[in-house]
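# Structural features, examined
Listed below, chain by chain, are the residues.
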Amino acid sequence: MATGLDGVNLTLVDTVDKAQAFISWLGERRPLDAIAVDIETGELPGNPRKDALSPWHGRIRLVQVGDGMTGWAIPWDDWKGVFYDAMSRYEGLIVCHNIAFEAKWFDLQSDWKLPWHRAHDTMLMAKLIDPLGTGALKKLTQIHVDGTAAALQSVLDIGLSDNGWTWGTVPIKYQPYWSYGALDTVLTMRLFEQFWEKCAPGKPYSMAYELEMNTRRIATKMELNGVRLDLDYSQKKYDELLDYTGKAANWAKSTYGLSIGSNQQLVRQFENMGGVITEYTEKGQKSASKDQLKILLRDGDAEIKQLAETTLSYRQSLKLANTYFSNFINDNSGGYVHPSINTMGARTGRMSIQNPALQTLPKGDATVRRAFLPKDDDHVIITSDLDQVEFRMFASLSEDPNLIQLFLRADATGSDPFTEIGREVYQDPTIVKSDKRRNLIKGVVYGRLYGAGVSKQAITAGVPEEQMRAVSDAFDSRYPGMQGFQKFVEKTGTARLEREGVGYVNTWTGRRLPCDEDRVYTLVNYLIQGGAAEVFKSNLVKLDQADLTDLLIVPVHDEIVLNAPREDAEEIKQIVRKCMTTTEGWSVPLTADADGPLENWGAKYL
């Protein structure tokens, strides 16, 4: 394994002789039978700079290929035929850093498609091995390869700035530019040589890594599929939301003389009205945060409640207008939006979605989802959402017999676990799903899962703390296994922190999830969230194996959304339900339902 960057050879393919040398080099034998592939992209002339990162709006400028000692930069417009010819003969492993980026560009703008069955991603490896560490190539290579790895990027940045160049206008033959690109393949291979020792078959992270690579392949296909939008509805809702926020702002100004978007002015007004502010910002300033507004909405008089409710509605409406509908209107591509799916968006391995940020969609709200349509009149929407997956995992892991039997009874009778728990805790068999006491039970359960104390649970539920504490105590008395499991996980994490310098848990695939030194209590949440994320990803793999990948649109929270041919919708719905359900390995089945056929995604929530 090479160390440092001495002796590295970088070449721009701009002559026939260099092209022949590249093809000859690619045929050589090398460690791990692997090469790295990378691309440099840019915006089209006259287009905004942000298009340099969009395969729907930008263009490929360079393709780079390399191993641990040699990197080649191939100008795309003039020499892509050389790349096609060489890669058609190559049968070894292909390594990328952030493979989703390269895969989409090649799929949309080339005749070569990434062979996923022999592809690897060093960024995914890095995030598996160190969930708290960086995923950036240059920073990783500074840590693992050579401290000077970012020097060429600094030279390039200066050149771009001094000459007013962008990624779309920098000359191909500008030496710091093509060298920067070619070096990335060398750096990627150096990382692969190290990370493969922990991610290869039979190694500690092999199971988790295989799952992540399969998930990345499926998610990239979803990004390419995209989602068709109802642009008329989007414009209408955007206008309505902005109209509301304008009226709310005017009301606050005329009534109280304040800017409803100003935290400082809101705090002052609430205190003038007799409200007590208990929340603070990180800098120690009093805060009219979401939680604070909920407290005021719960405890304040009628006037305070009105201002708190209006402020919450104003913020939510502004977010919906600007985060979603504005992006739908301005950034769609031919009436479609192609969200970016980060398959390891959190330390727990949970996904996140940007452009637009769909993971922040309010659960169960139809407003934004109503804008998502089937791709044409011959298709419908089908969705499938996991049923209380985190709670079900928690119950299984706790091994609490009362809780396990409760879930089995609820599943057998078509009931609901929170309703069943409410009946037992309150000793009232008449409780139904619409009973307000059920929400208190949900508050206790999810408060435990997310590491929230009784005070936070009470704020979320909108009830006095004493009432929530009484429900929490009754819950513990009935189901002691959950609290016992929490204490066991925290005790184990504390012991690891003292013995190994870091507290952590391992999910069912072997993924290691560390906690911050002073937050061992979060390990229960990490174990459950991480395990649930892996279950969801495994279900995506089952959908892929059922040949449904071409129908998948987007994953949000624990829900998957599909385009299904109208004539096959009922059959596909049954297949989806089966793929999204996991029974083996858990005392409580991890069930899912499927909804559809729907004419839009939001119809599920109406």
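Going by the structure above, here's the rest.
Residues numbered from 1 in each chain as written. Predicted model: local features only at pLDDT ≥ 70, side-chain atom pairs only at ≥ 80, totals over all residues. Heavy atoms only, no water.

## Description of the pattern of salt bridges
- Counted by the stated rule, this structure contains 38 salt bridges.
- Between aspartate 299 and arginine 298 there is a salt bridge; the shortest N-O distance is 2.8 Å.
- In this structure, aspartate 516 and arginine 519 form a salt bridge, with 4.0 Å as the shortest nitrogen-oxygen distance. (Salt bridge = Lys/Arg side-chain N within 4 Å of Asp/Glu carboxyl O.)

## Comments concerning the environment of proline 75
- Tracing the chain through its elements places proline 75 in strand β4 (residues 70-75).
- By relative accessible area, which is 8% here, proline 75 ends up buried.
- Separated by 36 residues in sequence, proline 75 and isoleucine 39 have C-alpha atoms that sit 9.9 Å apart.
- Once you skip the residues sitting within four places of it in the chain, proline 75 turns out to touch Leu12, Val13, Arg61, Leu62, Lys80 and Ile172. (Helix = DSSP H or I, 4+ residues; strand = E, 2+ residues; numbered from the N terminus. Buried < 20%, exposed > 50% of the residue type's maximum accessible area, 1.4 Å probe, protein only. Contact = heavy atoms within 4.5 Å.)

## Things to note about the packing of aromatic side chains
- On inspection of all chains with the given rule, the structure shows 25 aromatic pairs.
- With a centroid separation of 5.2 Å and 85 degrees between ring planes, the pair formed by phenylalanine 83 and tryptophan 112 is classed as edge-to-face. Highlighted residues: phenylalanine 83 in helix α2 (residues 76-89) and tryptophan 112 in the loop between α3 (99-109) and β6 (119-121), separated in sequence by 29 residues.
- The exposure class assigned to phenylalanine 83 is buried, which follows from its relative accessible area of 0%.
- Judged by its relative accessible area of 10%, tryptophan 112 is buried. (Phe/Tyr/Trp six-rings, centres within 6.5 Å; stacked < 30°, edge-to-face > 60°.)

## Considerations on the sheet that holds strand β16 (residues 559-565)
- Spatial ordering of the open sheet is given by β15-β16-β12-β17, a layout of 4 strands whose pairing is antiparallel. Of all strands in the sheet, those bounded by a partner on one side alone are β15 (552-556) and β17 (592-598). The average undirected angle you get between the axes of adjacent strands in this sheet is 20 degrees.
- Taken together, the 5 bridges between strand β12 (residues 379-386) and β17 define a ladder with antiparallel strand orientation. Looking at the pairing, serine 384 lines up with alanine 594 of β17.
- On top of the sheet, helix α21 (residues 523-545) reaches β12, β15 and β16; it is set at about 15 degrees to β16, its chief contact. (Pairing = 2+ DSSP bridges. Axes fitted to C-alpha atoms, helices over the stretch in contact; angles between N-to-C directions.)

## Side note on helix α8 (residues 206-225)
- Between its terminal C-alpha atoms α8 stretches 29 Å, which fits the 28 Å expected from 20 residues at 1.5 Å a residue.
- Taken across its 20 residues, α8 has 14 buried, putting it largely inside the fold.
- Glycine 226 sits one or two positions beyond α8 and adopts a positive phi of about 70 degrees. (Expected span 1.5 Å × (residues − 1).)

## What about the sheet that holds strand β8 (residues 336-337)?
- Taken in spatial order, the 3 strands line up as β8-β7-β11 in an open sheet, and their pairing is antiparallel. Each edge of the open sheet is held by one strand with a lone partner, namely β8 and β11 (372-373).
- Bridge count for strand β7 (residues 227-229) against β8 is 2 bridges, and the pairing is antiparallel. Bridge pairing in β8 links valine 227 to valine 337.

## Quick word on the pairing of β12
- Of all 8 residues in β12, 8 are buried, a share of seventy percent or more.
- Across the two faces of β12 the burial is the same, with His379, Ile381, Thr383 and Asp385 and Val380, Ile382, Ser384 and Leu386 all buried.
- Bridge count for β12 against β16 is 7 bridges, and the pairing is antiparallel. By the bridge assignment, threonine 383 is partnered in β16 with valine 561.

## Observations regarding the nonpolar core
- Counting 59 residues, the largest nonpolar core has Phe22, Leu26, Val65, Phe83, Met87 and Leu114 as its most contacted members.
- Counting residues per element, this core draws most heavily on helix α7 (residues 175-199), at 9 residues.
- Judged by nonpolar contacts, the second largest core, of 54 residues, contains Ile382, Val541, Ile560 and Val561. (Core = buried A, V, L, I, M, F, W, Y, C linked by side-chain atoms within 4.5 Å.)

## Let's talk about helix α4 (residues 122-129)
- Within α4 the residues assigned to the buried category are Thr122, Leu124, Met125, Ala126 and Leu128.
- By the N-cap criterion, in which a side-chain oxygen at the helix start approaches the backbone nitrogen of a residue two or three places on, α4 is capped by aspartate 121, the distance to methionine 123 being 2.8 Å. (Polar contact = N/O pair within 3.5 Å; in protein donor to acceptor, adjacent residues only side chain to side chain.)

## Considerations on unusual backbone geometry
- A cis amide bond links asparagine 355 with the next residue in sequence, proline 356, at an omega value of 0 degrees.
- With respect to the helices, strands and loops of the structure, proline 356 is situated in the loop between β10 (352-354) and α13 (366-369).
- Here glycine 596 and proline 597 are connected by a cis peptide whose omega angle stands at 0 degrees.
- A positive phi is found at glutamine 427, a non-glycine position, where the angle reads about 50 degrees.
- Note on placement: glutamine 427 falls in the loop between α16 (417-425) and α17 (436-449).
- You can call glutamine 427 exposed: its relative accessible area is 67%.

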